[in-house]
Amino acid sequence: MKRFTSSVVMLKRLLGLLGVLLLGFGFPANAAPFGAGDNFVTAAIDKVESAVVQVNVSRNLGGEVPGALRPFLGNPQIGGSSRVLRGLGSGFVIDKNGKILTNSHVVDNADTVTVSFQDGRVLEGKVLGKDPVTDVAVIQVQADNLPIVALGNSDDVRQGQWAIAIGNPLGLQETVTVGVISGTERSSVDIGVPDKRVGFIQTDAAINPGNSGGPLLNANGDVIGINTAIIQGTQGLGFAIPINTAQKVAQQLIATGTVKHPYIGVQLVALDPNVKEYVNRAPNSRMKVEDDRGILVVGVGRGTPAAKAGLRPGDIIESINDQPIQNVKTIQQLVDEAGVEGRLNLNVKRSDRTVALTISPEQLPAVETQS
């Protein structure tokens, strides 16, 4: 009997130890002790939820609406005899004096904007600026001492780390979903929005209509992105604008109401043996590639800064401003650093010789989708 009792005591101690180990598995090392039912997700939400808002927009479509058609209009809600299109999204407060980040597409073409807070307040909002190229917008409400979010560093985001989304999908306020970061630096072309200019964060935390403009958080409750897009017909594929990108855009919108996006007007691809073979075998290709490495110019837009400088399809970019080029991302960074009307000194390989060119980036046209 004593031996049995002793075994039970030992088993309880072992299970107790395992319970501690299991409960601690996966939580942030610096997380505060949790109460009953709490975990790192509830701690993160407690940190930000008062600063997450619902953005309500309306647009007067005008015109008389026949009485017989009014019961069938659905989403365009009727105010009197005119058509009013209403929508909603999410946002979050970044400044105690009422500056709010959201998506450009949330407030696009809106006649009125109001912001609903967790405490029940509904304040009129003014759009300080919006940038369709990055899908970032800033709203101003008249208030002070508002709760704000803590901004993280999206450059530190790694595949596999926790991701928490909070927003107002389908008007269901303060909805929380959890997943992981499933990818970084997803190009706008890859996810079907070629008019954007963002290296998106990919997450499997559920994002639905109405989540747009809301924050994507890390395990500590710091904002690492703005939830912005989903791919229709898929599950577990949501995308967010990195907060570092959004911050830079927001600063320009607050200061001037607009954003400068330098471009040179080229389509590029990084060469490897498979790309080389594909280009050389393509039936309509006019290029013959001899190199296995480098950045190949696939296309040059007519009338673009690259075309004016003499860059041609088939050129291989070797260096810019004396810096050897290893990937396409570096070229985009150098274009951004040069800015509108700056200078980029290129060395390109053309057939069996090296050609020096100077390109001056210009402002990205509204309909331009090239790098």
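For the structure itself, consult the block above.
This is a predicted model, so every value here is computed, not measured.

Some thoughts on the sheet that holds strand 10 (residues 200–203)
In step 1: Pairing in this closed barrel of six strands is antiparallel, and the strands run 8-9-10-13-12-11 around the ring. Taken pair by pair, the neighbouring strands of this sheet meet at an average axis angle of 45°, ignoring direction.
In step 2: Across three bridges, strand 9 (residues 175–186) lies against strand 10 in antiparallel orientation. Counted as the bridge partner of R186 is F200 from strand 10.
In step 3: Sheet strands in contact with helix 4 (residues 243–256) are strand 12 (223–230) and strand 13 (238–242), and its direction is about 50° off that of strand 13.

Concerning the environment of G210
In step 1: Relative to the helices and strands, G210 resides in the loop between strand 10 and strand 11 (215–217).
In step 2: Among the residues examined, G210 registers a relative accessible area of 8% and is labelled buried.
In step 3: In this structure the C-alpha to C-alpha distance between G210 and G87, which are 123 residues apart in sequence, comes to 8.5 Å.
In step 4: Setting aside residues no more than four positions away along its own chain, G210 makes contact with L88, G89, S90, N168, P169 and L170.

Side note on the packing of aromatic side chains
Aromatic ring pairs: the centre-centre distance and the angle between the two ring planes describe each pair.
In step 1: A full pass over the atoms with the stated rule returns two aromatic pairs.
In step 2: Considering the side-chain rings of F40 and W162, the 4.9 Å spacing of their centres and the 50° angle between planes classify their relative orientation as tilted. Within this pair, whereas F40 is found in helix 2 (residues 40–48), its partner W162 is found in strand 8 (residues 162–167), the two being separated by 122 residues in sequence.
In step 3: Take F40: its relative accessible area is 5%, and that puts it in the buried class.
In step 4: In this structure W162 comes out as partly exposed when scored by relative accessible area, which is 35%.
In step 5: Taking 6.5 Å as the distance between ring centres and 75° as the angle between the ring planes, the aromatic pair formed by F200 and F239 counts as edge-to-face. Of this pair, F200 sits in strand 10 while F239 sits in strand 13, placing them 39 residues apart in sequence. Per residue, the accessibility class of F200 equals that of F239, and both read buried.
In step 6: Just above the ring of F117 sits the side chain of R121; from NZ or CZ to the centre is 5.3 Å.

Digging into helix 2
In step 1: Listing the buried residues of helix 2 in full gives F40, V41, A44, I45 and V48. One side of helix 2 carries all its buried residues, which in axial view fall inside an arc of 135°.
In step 2: Packing partners of the buried residues in helix 2 comprise strand 1 (52–60), strand 8, strand 9 and strand 11.

Some thoughts on the pairing of strand 5 (residues 112–116)
Successive residues of a regular strand alternate their side chains across the two faces of the sheet.
In step 1: Where strand 1 meets strand 5, five bridges bridge the pair, whose relative direction is antiparallel. Bridge pairing in strand 5 links N56 to T114.
In step 2: Bridging between strand 5 and strand 6 (residues 122–131) involves four bridges; their strand directions are antiparallel. Across the sheet, residue T114 finds its bridge partner in strand 6, namely E124.

What counts, and at which threshold
Residues numbered from 1 in each chain as written. Predicted model: local features only at pLDDT ≥ 70, side-chain atom pairs only at ≥ 80, totals over all residues. Heavy atoms only, no water. Pairing = 2+ DSSP bridges. Helix = DSSP H or I, 4+ residues; strand = E, 2+ residues; numbered from the N terminus. Axes fitted to C-alpha atoms, helices over the stretch in contact; angles between N-to-C directions. Contact = heavy atoms within 4.5 Å. Buried < 20%, exposed > 50% of the residue type's maximum accessible area, 1.4 Å probe, protein only. Phe/Tyr/Trp six-rings, centres within 6.5 Å; stacked < 30°, edge-to-face > 60°. Lys NZ or Arg CZ within 6 Å of the ring centre and 35° of its normal. Arc of directions from axis to C-beta.

So yeah, pure geometry; function would need other evidence.
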